[in-house]
Amino acid sequence: MKLILIFLTVLSSLFTTLEQQILQSDFTVTITSKDSQPMTYAGKFTVQGEKFLLHAFGIDAAYDGETMFLYQEETDELTISNPTQEELMQTNPLAFAKALVESSKVTEKAAADGKTVLVTLVPQDKTTDIERFNMRVRVRDNMPIMIEIKENKRTSTMKLVHPQYVQTAPQYTIEKEGAYVNDLR
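In this report, we go over the structure that sits alongside the text. (Residues numbered from 1 in each chain as written. Predicted model: local features only at pLDDT ≥ 70, side-chain atom pairs only at ≥ 80, totals over all residues. Heavy atoms only, no water.)

1. Quick look at the environment of Thr-168
How we decide: For the purposes of this entry, the term helix denotes a DSSP run of H or I that reaches at least four residues, the term strand denotes a run of E that reaches at least two, and both are numbered from the N terminus. Burial classification: accessible surface area is computed with a 1.4 Å probe over protein chains only, and a residue below 20% of its type maximum counts as buried, one above 50% as exposed, and the rest as partly exposed.
Tracing the backbone through its elements, the reader meets Thr-168 in the loop between strand E11 (154–166) and strand E12 (180–183). The class of Thr-168 is exposed, set by a relative accessible area of 65%. Taking the C-alpha atoms as reference, Thr-168 lies 28 Å from Thr-157; in sequence the two are 11 residues apart.

What follows is the structure in C-alpha cells.
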C-alpha cells in the first residue's frame, strides 16, 4: 500500500521539491518532425520554484519571480519585461507542466525496475496543439530526467544530463555590459 501512495504522489512531490530546492542540470533538446531531420541542441538551466536561469539556442534567459531577462548573443540585445504566464510556460517546461495539470488527464506509471515513474498529461482541451506531455521522474530523489512534448507534427524531447539539487541559489537576473537594453516593463 505504501508503494501505491508514493506512486500516486510523484508529480505533486516533484513540484513540492522544486519549490524547496534548487535543480541544476545540463540538457539536450531534440526536436523531431515529420518533415525534417531531428535537430539536437545543448544547454543548461537552474530552476527553483518559478525562478529560473536558462542558456540554450544562443539565448540566456532568467526570471526572478517578477522580471524576465532575455539576452540574445547574436544581436547583443538584453530584453527586460514582466512576462505573461504564457511566456513563462514557453520558456520553462516545468512551469508548463504545472499549469497543464489543471486541464489534463494525469497518469503515473512506474517503470518495471521501480526506479522511475512516467507521468503523462493529456490535455482535455482538444483545440491545443499539445497532444501529450510526458515526464520521467526518478523516484528516490524526485529528479526529473526527461521531458517530452508531443504536438501535432513535432516532438520535443529534453533529456537532463547529470541533474542535481544544489544548495547555493544563483542570481536570477542577467546583466550584459555594453548590450543594447530593451526595457519593456
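Next comes the rest of the description.
2. A look at the nonpolar core
What counts is decided by this rule: We call a set of buried residues a nonpolar core when its members are Ala, Val, Leu, Ile, Met, Phe, Trp, Tyr or Cys and they connect through side-chain atoms within 4.5 Å of each other. Residues count as neighbours in contact if any of their non-hydrogen atoms are within 4.5 Å of one another.
Formed by 34 residues in total, the largest nonpolar core has its most connected members in Leu-23, Phe-133 and Met-135. Top element by residues in this core is helix H2 (residues 10–20). It accounts for 5 residues. Residues within four places of Leu-23 in sequence aside, it is in contact with Leu-18, Phe-45, Thr-46, Val-47, Leu-94, Met-143, Pro-144, Leu-160, Pro-163, Gln-164 and Tyr-165. With 7 residues, the next largest nonpolar core counts Ala-62, Phe-69, Tyr-71 and Ala-179 among its residues.

3. Points about the packing of H2 against helix H4 (residues 93–101)
We count it as follows: Fitted lines through C-alpha atoms serve as axes, helices being fitted only where they are in contact, and the angles separating the N-to-C directions of these axes extend from 0 to 180 degrees. Under this scheme an angle from 65 to 115 degrees is roughly perpendicular, one under 35 degrees roughly parallel, and one over 145 degrees roughly antiparallel; angles in between are oblique. Less than a right angle of anticlockwise turn of the near helix away from the far helix marks a crossing as left-handed, whereas a clockwise turn marks it as right-handed. Gly falls in the polar group here, along with every residue not listed as nonpolar (Ala, Val, Leu, Ile, Met, Phe, Trp, Tyr, Cys, Pro) or charged (Asp, Glu, Lys, Arg).
Packing of H2 against H4 brings their axes to within 12 Å, and their N-to-C directions diverge by 135 degrees. Judged on the interaxial angle alone, H4 and H2 are oblique. Crossing of H2 over H4 shows left-handed handedness. Of H4, the residues touching H2 (which contributes Leu-11, Phe-15, Leu-18 and Glu-19) are Leu-94, Ala-97, Lys-98 and Val-101. Of the residues belonging to the contact of H2 with H4, the class tally is 6 nonpolar, no polar and 2 charged.

4. What to know about the packing of aromatic side chains
Using the following cut-off: In summary, the pairing rule links any two rings of Phe, Tyr or Trp, Trp by its six-membered ring, whose centres are within 6.5 Å, and it sorts them by plane angle into stacked for under 30 degrees, edge-to-face for over 60 and tilted for everything else.
In the structure shown here, the tally under the stated rule is 4 aromatic pairs. Aromatic side chains Phe-27 and Phe-45 sit 5.7 Å apart centroid to centroid with 50 degrees between the ring planes, which places their arrangement in the tilted category. Taken together, the residues Phe-27 in strand E1 (residues 22–33) and Phe-45 in strand E2 (residues 36–48) connect sequence positions 18 residues apart. Classification of Phe-27 as buried rests on a relative accessible area of 3%. For Phe-45, a relative accessible area of 8% corresponds to the buried category. Centre to centre, the rings of Phe-96 and Phe-133 are 5.7 Å apart; their planes meet at 50 degrees, and the pair counts as tilted. With Phe-96 in helix H4 and Phe-133 in strand E9 (residues 130–138), the pair connects residues that are 37 residues apart, well separated along the chain. Judged by relative accessible area, Phe-96 falls into the buried class, the value being 16%.

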